[in-house]
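Spelled out, the chains give:
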Amino acid sequence: MAESRLPEYSQPWYKRWAGMPGEWRSRWRGMDRKQRFKVDIVLRAALIVFLLWVSWPLALFVAGLIVIQYGEPYLPARLQPYGRFLTPTVVVIVVLLYPFYYASLGSMNILGDYPVLGTMVVMGVYAMMAVGLNIVVGYAGLLDLGYVAFYAMGAYTVAWFASVQFANHKLHFGAVGVGANTPGIHISVWLLLLLAGLLTGVVGILIGLPTLRLRGDYLAIVTLGFGEILPQIARNGDDLGGFNLTNGPNGITPIDPPGIGHVNFLTGSGSFWTSERLFFWGVLLLVAITIFSSLRLRDSRLGRAWIAIREDETAAAAMGVPLMRTKTWAYATGAFFGGVAGAYFASFKQSTFPGDFSFNISAFILSMVILGGMGNVWGVVFGAAFLAFLNQQGLADIGHWFNDTFGTNLDVPKYQFGIYGLIIVLTMLIRPEGLIPSARRRAELHEGVHDTPLYDMRGAVE
Amino acid sequence: MATDARSEPITRRRGFQPADVVPWIGLLLVALLVFWLIVNFVKTPGDFVSIALEGITLGLVYGLIALGYSLVYGILELINFAHGDVFMLGSWISFAVAAQWLNLGPDSAGATVIGGLALTLLIAMAFCALLNASIERVAYRPLRNAPRLAPLITAIGMSFILQDVGLNRLGPAPVSVPNILPTGAVFTIGGIAYPWSSLIVAVSAIPVLILLVWLVQRTRQGRAMRATAQDQEAAAMMGINVNRTISFTFLLAGSLAGVAGLLYALYSTNIQFDQGFTLGLIAFTAAVLGGIGNLPGAVLGAIIIGLIQQFNEGLSWHAPGSDWTQSIVFAILILILVFRPEGLLGERTPEGG
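Residues numbered from 1 in each chain as written. Chains lettered and ligands numbered in written order. Predicted model: local features only at pLDDT ≥ 70, side-chain atom pairs only at ≥ 80, totals over all residues.

### Focus on the overall build of chain A
When helices and strands are counted, chain A shows 18 helices and seven strands. Against the globule reference of 23 Å for 462 residues, chain A gives a C-alpha radius of gyration of 24 Å, in line with a compact fold. Expressed as a percentage of the 462 residues in chain A, the buried residues total 40%. By sequence separation, contacts in chain A at least 24 residues apart represent 72% of the contacts at least 6 residues apart. (Helix = DSSP H or I, 4+ residues; strand = E, 2+ residues; numbered from the N terminus. Rg over C-alpha atoms; globule rule 2.2 N^0.38 Å. Buried ≥ 20, exposed ≤ 12 C-beta atoms within 10 Å, placed from the backbone. Contact = placed C-beta atoms within 7 Å.)

### Some points on the overall build of chain B
Tallying secondary structure elements over chain B gives 13 helices and four strands in all. The globule rule puts the C-alpha radius of gyration for 353 residues at 20 Å, and the 22 Å found for chain B is close to it. Each principal axis of the C-alpha distribution contributes one length, and for chain B these read about 75 × 55 × 40 Å. Scored against the burial criterion, the 353 residues of chain B give a buried share of 50%.

### Description of the sheet that holds strand β4 (residues 170-173) of chain A
Read across the sheet, three strands follow the order β3-β5-β4 (chain A) without closing on themselves; strand pairing throughout is mixed. Looking at strand neighbours, the two that pair on one side only are β3 (162-163) and β4 of chain A, the edges of this open sheet. (Pairing = 2+ DSSP bridges.)

### Considerations on the interface of chain B and chain A
Facing the 39 residues of chain B at the interface are 41 residues of chain A. At the level of secondary structure, the elements contributing two or more residues to the side of chain B that touches chain A comprise α6 (149-170), α11 (275-290) and α13 (325-339) of chain B. Top contributing element to the side of chain B that touches chain A by residue count: α6 of chain B, with 14 residues.

### A look at helix α10 (residues 275-299) of chain A
All names here are of chain A. Counted at 1.5 Å a residue, the expected span for α10 with its 25 residues is 36 Å, and the 37 Å between its end C-alpha atoms agrees. Residues of α10 that are buried include every one of Leu278, Phe279, Phe280, Gly282, Val283, Leu286, Val287, Thr290, Ser294 and Arg298, and no others. In this structure, the buried residues of α10 make contact with α5 (98-101), α6 (117-139), α11 (301-311), α13 (323-349) and α15 (377-406). (Expected span 1.5 Å × (residues − 1).)

### A short note on the environment of Phe402 of chain A
Residue and element names in this part refer to chain A. Looking at the secondary structure, you find Phe402 in helix α15. Taking the C-beta count within 10 Å as the criterion, Phe402 has 14 such neighbours and is therefore assigned partly exposed. As a C-alpha pair, Phe402 and Gly138 span 264 residues in sequence and 34 Å in three-dimensional space. Not counting the four nearest positions on each side in its chain, Phe402 is found in contact with Thr408, Leu410 and Val412.

### Quick word on the packing of helix α16 (residues 416-430) of chain A against α6 of chain B
Interhelical geometry of α16 of chain A versus α6 of chain B gives an angle of 155 degrees and a closest axis separation of 7 Å. Taken together, α16 of chain A and α6 of chain B sit at an angle that is classed as roughly antiparallel. The handedness of the crossing between α16 of chain A and α6 of chain B comes out as left-handed. When α16 of chain A is examined against α6 of chain B, the residues Phe417, Gly418, Tyr420, Gly421, Leu422, Ile424, Val425, Met428 and Leu429 of chain A are found in contact with a partner set consisting of Ala150, Ile153, Thr154, Ile156, Gly157, Met158, Phe160, Ile161, Gln163, Asp164 and Val165 of chain B. Its residues assigned to classes, the contact of α16 of chain A with α6 of chain B comprises 14 nonpolar, five polar and one charged. (Axes fitted to C-alpha atoms, helices over the stretch in contact; angles between N-to-C directions. Parallel < 35°, antiparallel > 145°, perpendicular 65-115°, else oblique. Left-handed = near helix turned anticlockwise from the far one by under 90°. Nonpolar A, V, L, I, M, F, W, Y, C, P; charged D, E, K, R; others polar.)

### A look at the confidence of the model for chain A
For chain A, mean pLDDT is 85; residues scoring 70 or higher make up 91% of the total. Across residues 449-462 of chain A the pLDDT falls below 50, and counting only partners more than four positions away or on other chains, this stretch makes 24 contacts in the model. (pLDDT = per-residue confidence, 0-100.)

### A short note on the environment of Leu75 of chain A
All names here are of chain A. In this structure, Leu75 sits in the loop between α3 (56-71) and α4 (86-96). C-beta crowding within 10 Å serves as the criterion here: with 14 such atoms nearby, Leu75 is assigned to the partly exposed category. Residues Leu75 and Ser275, 200 residues apart in the sequence, show an inter-C-alpha distance of 41 Å. Filtering out sequence-adjacent residues up to four positions away, Leu75 remains in contact with Gln80 and Gly83.

### Regarding the domain arrangement of chain A
Residues and elements named next belong to chain A. Domain annotation of chain A identifies domain 1 (33-96) and domain 2 (97-453). Residue assignment for the side of domain 1 that touches domain 2 shows that the elements contributing at least two residues are α2 (33-54), α3 and α4. Looking at the side of domain 1 that touches domain 2 residue by residue, the classes come out as eight nonpolar, one polar and no charged. (Domains from an automatic or database assignment.)

### Regarding unusual backbone geometry
Omega for the bond connecting Thr253 of chain A with Pro254 of chain A falls within 30 degrees of zero, at 0 degrees, which places this linkage in the cis form. The phi angle at Asn103 of chain B is positive, at roughly 55 degrees, despite the residue not being glycine. Here Asn103 of chain B lies in the loop between α4 (83-101) and α5 (110-140).

### A closer look at the environment of Tyr415 of chain A
Residues and elements named next belong to chain A. Of note, Tyr415 is situated in the loop between α15 and α16. When the 19 C-beta atoms within 10 Å are taken as the criterion, Tyr415 is described as partly exposed. Taking the C-alpha atoms as reference, Tyr415 lies 9.4 Å from Leu395; in sequence the two are 20 residues apart.

Right, here's the structure in full:
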């Protein structure tokens, strides 16, 4: 090449800055284990110092996790096999008890107050959806831009079978807190969660069968198309040949809450089992199940087939992985979790409207997966919780902080989708593997494994 | 030739194969569509013709956007998601220049309108071209060797950013643009007038399309573009500056989006911050329908989509109506990708199917 690289000092400042992440990365690559360990320690210490400035309980929590991570190898040999359960146990206990101490945590710098329970429920629901999308995008490497369709399907399933929508039919089965004379179909929401998941899975298969043959970016567009069609059917569904399926733009409300025994999640029972706490623990249970299944699926035969397809479709096919069936399963399982999450969310909000299911939600969930780290369940859960928190209450608080600090008068939530867009672009440019990457995915993204499709001769010849 | 012999199936399949039905389903759908059109034509011929004219006008505007998708896809094999939003910002800047800065309106004199619109056109084209090229520079070029989904994801991110800019400039509600073009009737068919504004929009789209075809087919730069689209490495070895050619393609696509933005603002007299998303997808569908990467195909597909949209919203006999326009367009997109991924004019490549 004719142009030679200018020495660093004579490069303009923006080029020096733009090159920095790449430079750090190449330095990191050149290090041996000991050096990397030192850098790791320094970075983690810096993180703790930063979090201390944000809020000390958060810093304490993260510091605890880091101590566990480094302390694990020093456990007595007898306890070694249980070491890997240490982190999940601590996290589960801290989160389970969250309703009892969150009010006394004070507030965070910049980020404002700790999330209230209602926000936590939304964060949990988004975490479920993000983990579901992660199966499609992160494991199988199929870009799905219409994930909101599955969310809508789940929400409408629970809306049909646990509300007064079909007032001409009367069917009560296990619903808690619904008067015996209420018209309409009322089935226990817990059963409906499963039903919603299954129905959505079927929808996922139906969408997948004709489209999964397509190449990556075409698939993305087709899923986007489905993601637009389904909400439009919901919007126009109040008169499908004279039949009112979805109640049109007015949505379906009220939807029954879930219940246990005689305790209805909406009214709660006494000062301990309040409504918010019940919904919070409910979503926690679902998130735990989702994460567990997702992890087990990843390590199963099917999950390994997904990862094989993501890494190299041609090689996977040559090894005997049935492409269509494996991809369709990825779609169905991803859709299943999306449906369950949508159903629980609708039951929590007691309503579902066609306006809730725009493309923005799909892209929002996608940015959670990308920010957290495609393929890594923990990263995705973190990304989902963080972005959902920002969306629910954090962004407004950040706006207050920003305006107070810089004396401006910006309405920050107005810029929210610009901010998400910026997050997506910056993540892809600077750290395409996400904040908490899976080692495998990181290697792929940096070594440039090409997802050349099968039978693409142009790609094969290169 | 040897290749011919190889393309023959080695074993002849016997009996019923599900895949055999697929083309027939496609033909059946097309036949139903044609039947529906004929019935409508017989019932209300006047309406039919004027709606068709409006459809072609709208289709030409879509065509300008679809060409932007097609150009970029042809050269980078990237669906430039942000293109629709560049078009939206083109509408916005046309509105800002023509209606707010130059104060053009229904009462302006003829010469003022022509001069003002020419200036607006130049500004909109330059703005969108630069915007599109800088998006390529910032968001796509660093990822040229990354897995192919990476630039697609940044494209979505850029689309979000631009849409947010539009939201903050235009506000959440639709903004109405004054009738700058004359709205009187050119001619009247079956009681429905075809206004001058539509005619002007249609007539001004055509020279742009011809210019584009000339540029791609006949000039040196166009040849460089086609060479880069075929094989970047070989093009580079032949002395073509690949990066500059790609930048030029984005400039070209952006300026088309600028023209489309102005024409759309004049034609629909209503602009909105999310028009880039909806119309962008419609235009993308048009590009796929015609065969993506194929420039005449994009225009043809756009005219077909414009016709279908107007027929759907305007015809009286069993038309689903404007509530379903988006669903119909996306259904067409899905059906095309399933039945004929190479599009109407595209050649069959292994990539789509």
